[in-house]
Amino acid sequence: MKDFKINESLKKEIFFVIPVFNEEKVIGKVILDLQKNGFNNLILINDGSSDNSSNEILKYKKNGLVLLEHIINRGQGAALRTGIDYCLNQKNCKYIVTFDSDGQHRISDLSKFIKKLEENKCDIVLGSRFLLEESKKLVPKKKVILLKLALFITWILSNIWLTDTHNGYRVMNKKAAKNIEILMDGFEHASEIIDEISKKKIKYCEVPVFIDYTDYSKAKGQKISNAIKIFLKMLFR
Amino acid sequence: MFYLVYLIKFTKRINLLVELFFMGIYSMVLLIFLFPSILNSFGNLFGIDSVINFIIYLSIFVIFFLIFYLYRRIEKQRVGITKLVREIALMKKK
């Protein structure tokens, strides 16, 4: 893929929605990385964290960084919805990036998403760890089985075949953000987003992304019991 | 009747329909306990062979219906709570 450079004026139109739950150890680094790369429109949603995430975030408060606080924990889906609703009310918001707070995503992959959107090829771009050989090799075996199962279930329920259905790295334009309705609070929101894309015939595409697996992020990852819960919630939606 | 009066006068808490429903269930169970032959009369009236089995199957149906109804109510409340939490977060942005 030819390198696409995001210019400074476009960076001012890109808003990052970052749900945070008990990430005081890593959130500072995530914010710093984004700010160093010139991205200042950071919308962080503290989803009822019991640690010091809030104070840690406020240490990096600069123009453009906004902290929204859920008074009780509601789940990643609810936090994303709060952030997206905020971005939709910002006049200078052109693209909304959903970005994980555990440091797994790379800012260097963003240009691939923006290139697709600028070329009007789609309204939402989804990241896939399975489209990049180096990233594919690093996915823990248990996670591969879970994710492949999720692909199959997504295909049955939503009639969409993707290579990675539960990747938190997505970029969408305002049109897609307005159309996608996230009602599910927890991790099942990822499947719900795919379902919405299918139902509302939103133009989508996938791009390869690198996922940095650390012991910290692996410990926070989803368990098999979550996968079963997600499947049942989507079935009875 | 005395129970209803007690609820209205002393507790000032009454959801009449719910109280009447459960009172009805308890009264029926008490009646069947005191006069078991009522079951035979009931069975003969509606042409049911085994009334006990009928009651058990009906109870299972009612219980599942109630579980489903409660699930829908809980879901509605979950959506409402999340909406409230999100609105508060947007109002109090830092």
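Here, every reference points to the structure presented above.
Counting of residues starts from 1 at the beginning of each chain's written sequence and follows it residue by residue. Going through the entries in the order they are written, you letter the chains from A and number the ligands from 1. With the structure being a predicted model, the display of local features is reserved for residues of pLDDT at least 70 and the display and counting of side-chain atom pairs for 80 or more, all residues being used for whole-chain, interface and lining totals. With hydrogens and water set aside, each side-chain value is computed from the structure's full complement of heavy atoms.

### Looking at the overall build of chain B
Phase 1 of the analysis: The helix count covers DSSP runs of H or I at least four residues long, the strand count covers runs of E at least two residues long, and both are numbered beginning at the N terminus. In terms of helices and strands, chain B carries four helices and zero strands.
Phase 2 of the analysis: The linear arrangement of helices and strands in chain B, starting from the amino end, is α-α-α-α.
Phase 3 of the analysis: Within chain B, the proportion of its 94 residues that are buried is 12%.
Phase 4 of the analysis: For every accessible area listed, the method is Shrake-Rupley and the probe measures 1.4 Å; residues are considered covered only by the protein chains on display. When the accessible surface of chain B is summed, it comes to about 8,300 Å², and 74% of that surface belongs to carbon and sulfur atoms. Think of it in three bands: with a 1.4 Å probe and only protein chains considered, a residue is buried below 20% of the maximum accessible area for its type, exposed above 50%, and partly exposed in between.

### Section: the side chain of Ser 111 of chain A
Phase 1 of the analysis: The residue Ser 111 of chain A is located in helix H5 (residues 110-118) in this model.
Phase 2 of the analysis: Among residues more than four places away in sequence, those in contact with Ser 111 of chain A are Phe 4 and Ile 6 of chain A. Two residues qualify as a contact provided that any one of their heavy atoms is within 4.5 Å of a heavy atom in the partner residue.

### What about the pairing of strand S7 (residues 204-208) of chain A?
The two faces of the sheet receive side chains in turn, since in a regular strand these alternate between them.
Residues and elements named next belong to chain A.
Phase 1 of the analysis: Burial runs high along S7: four of the five residues are buried.
Phase 2 of the analysis: One requirement defines pairing of two strands: DSSP has to find at least two bridges between them. Strand direction decides the pairing type here: strand S5 (residues 124-128) and S7, joined by five bridges, are parallel. Note on S7: the bridge partner recorded for Ser 128 is Pro 208.

### A short note on the pattern of salt bridges
Phase 1 of the analysis: Here, a salt bridge means any side-chain nitrogen of Lys or Arg that lies within 4 Å of a carboxyl oxygen of Asp or Glu. One pass over the structure, following the stated rule, counts 17 salt bridges over all chains.
Phase 2 of the analysis: Of the charged contacts in the structure, one is a salt bridge between Asp 185 of chain A and Arg 78 of chain B, with a shortest N-O distance of 2.9 Å. Pair noted here: Asp 185 of chain A is in the loop between helix H8 (174-179) and helix H9 (189-199) and Arg 78 of chain B is in helix H4 (residues 51-91), and the two residues belong to different chains. Here the two residues Asp 185 of chain A and Arg 78 of chain B agree in accessibility, since each one is buried.
Phase 3 of the analysis: With a shortest N-O distance of 2.9 Å, Arg 78 of chain B and Glu 75 of chain B are connected by a salt bridge.

### Here we look at the interface of chain A and chain B
Phase 1 of the analysis: Taken together, the 20 residues of chain A in the interface contact eleven residues of chain B.
Phase 2 of the analysis: Summing the contributions of chain A and of chain B, the shared interface buries around 1,500 Å²; its carbon and sulfur component is 63%.
Phase 3 of the analysis: Buried surface area refers to the total accessible area, computed with a probe of radius 1.4 Å, that the two partners give up upon joining, counted for both partners together. It is Glu 69, Ile 71 and Arg 74 of chain A that lose the most area in chain A upon contact with chain B, and together they represent 29% of the buried surface on that side.
Phase 4 of the analysis: Among the salt bridges present, the one from Asp 85 of chain A reaches Arg 86 of chain B, with a minimum N-O distance of 2.7 Å.

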